[in-house]
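Structural overview for review
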Amino acid sequence: MANVNNHARLKSALLLILATAALTACNKDKILNVTDPDIIDPNNLGSVEAAEALRVGALSRISDVTGGLQGSGSLNEGIFHFSGVVADEWRSADTFVQRDEADSRAITESNTAMTLEARGLQRVRFAAGQAIPVLRQWKPANVSDVGQMFWVQGWAEMSIAENFCNGMPLSSLDAANNIVYGDPLPNTEIYARAIASFDSALQNAPAGNSRADTVKWLVGIEKARVQLDLGDVAGANTTITSANVPDNFRFSMFYTQVLGDNQIWALNNSAGRWMPGNSEGIAGLNFFSANDPRVPMCIGGSAACKTFDPNQTRTTSFDNLTGSGSFLVQLVWPTREADIAIATGTEARLIEAEVALRTGDPVTFLAKLNQLRANFPTFKQPSNPCSATTQVSGCPPVPVSGALPPLVDPGTQTAREDLLFRERAFWLWSTGHRLADMRRLVRPASDGGFGRAENTVFPSGAYYKGGFYGTDKFLVIPQAEQNNPQFHGCIDRNP
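Structural notes, computed from the coordinates.

Basis of the calculations
Residues numbered from 1 in each chain as written. Predicted model: local features only at pLDDT ≥ 70, side-chain atom pairs only at ≥ 80, totals over all residues. Heavy atoms only, no water. Patch = residues over 30% accessible without salt bridge, like charges linked within 9 Å, V, L, I, M, F, W, Y side chains within 5 Å. Areas by Shrake-Rupley, 256 points an atom, 1.4 Å probe, with all protein chains shown as cover. Salt bridge = Lys/Arg side-chain N within 4 Å of Asp/Glu carboxyl O. Helix = DSSP H or I, 4+ residues; strand = E, 2+ residues; numbered from the N terminus. Buried < 20%, exposed > 50% of the residue type's maximum accessible area, 1.4 Å probe, protein only. Expected span 1.5 Å × (residues − 1). Disulfide = S-S within 2.5 Å. Contact = heavy atoms within 4.5 Å.

1. Here we look at a nonpolar patch on the surface
There is a patch of nonpolar side chains on the surface, built from Phe126, Leu173, Ile179 and Tyr181 and spanning about 360 Å² of accessible area. With respect to the secondary-structure elements, Tyr181 resides in the loop between strand S4 (179–180) and strand S5 (184–185). Judged by relative accessible area, which is 36%, Tyr181 ranks as partly exposed.

2. Some words on helix H12 (residues 345–358)
Taking 1.5 Å per residue, 14 residues should reach 20 Å; H12 reaches 20 Å between its end C-alpha atoms and fits that length. With respect to burial, H12 is a largely interior element, 13 of its 14 residues being buried. Once H12 ends, the next one or two residues include Gly360, with phi positive near 80°.

3. Notes on the state of the cysteines
In total, this model carries 3 disulfides according to the counting rule given. The side chain of Cys165 participates in a disulfide bridge whose partner is Cys490; the two sulfur atoms lie 1.9 Å from each other. Taking the torsion about the S-S bond as the criterion, the Cys165 to Cys490 disulfide, at about -70°, is left-handed. In this pair, Cys165 sits in the loop between helix H6 (143–163) and strand S2 (168–169) while Cys490 sits in the segment after helix H16 (434–442), placing the two residues 325 residues apart along the sequence. Overall, Cys165 belongs to the buried group, its relative accessible area being 0%. Each disulfide of the chain joins two cysteines, and with those cysteines numbered along the sequence the arrangement is 1-6, 2-3, 4-5.

4. Some thoughts on the environment of Ala243
Topologically, Ala243 is positioned in helix H9 (residues 233–243). The spatial distance from the C-alpha of Ala243 to the C-alpha of Asp213 is 9.1 Å, given a sequence separation of 30 residues. Leave out the neighbours within four places in its chain, and Ala243 touches Lys216, Trp217 and Gly220.

In structure tokens, the structure reads:
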């Protein structure tokens, strides 16, 4: 049977690993004999159990770098936050300059948060690459496990290219575990590597093999996404059509108090260090004032917030610049243990809509968007408590027409593009898509983009904490990468 919702088995496996670690930790004699957890001795990888641990570990790396908790310290959120704050999804409500730099689009190479984000994505890539040969040796019948790891590798490569400036090196290890420094690569080459990884994933997901359908759908979504990043509309059409992704497909990352909170909830609803954006910097979308059930929000400490989380008592931002009555709290993930679906049938339908629009078929384009709106319960984030047909206390008002009202054709290609990217922004809010979409909007048409003016897409003008917005349209490759003798900074500042 096809596995359409994929978080349950991952949760059980991670809890088993955690329990094993806890038993080991109870041995007081070993407290002073600690092995660096990032260094894995190849001699310890010779078993089925070790192979499975590596597979689950690679998936847990994705969990950490998306909506979870990376490393330690006060700057440890993932790519969903930092890509969203350079875009218009999030605002820094904190006193840390690293977050403010990203929010104001003026990121320095010394920004330690960039080190965390780059390292997190590279670790995902390395973890998948480490798991592949061990799975092949010790779980040869589970071919699709290898396919899944190639997908993880491709996802990391795609995320690096979508979020960072041109020039990220992709280093590796040789047979003796020595670092082989990679050359700085333009994002087009990193995208090409992602496509190669996705193709390898599909080649290692034979029909009928356990997890094969899941791998096929994941590859279909993400490969088509990369092809659109590159402007290959025909390729995206072929990829997404052959994948035949079900409407209700969801590949979710889960969070628990045992393993770690959902950090979107933790850093907004609880700590107040981030706040959802609303018409940020003139061009930003009105995520709050739209009163849209796809991105429900409430005022911190209000009865509406407490409907879903009685412990939501924060009324002001951490930096005290947003006072009581104005502090926005997201409700897409209203609790600390809310799952985050990072690849969905929703995105598949949005890709199909974009392909139709860009190939001169506005009728199919509009039909795909309205299919999503007419089936809100199927396509929303699973933890979103709101309804489009029944009024839920604390949620935006349900439209008089019942389901999300159908869209009408705005009549021009430019207006249709505006509609497409607005729908994408609301359906895929805070799941690592918005910054890549904004970069596509300002990228020249000759490079596969839409050629929009930067000040019509990115926040600009006066920054609310003082000064003005900068010109960054990406995350900056960190200074720490200069340990690589071949790297000397971003190649350029192109989108």
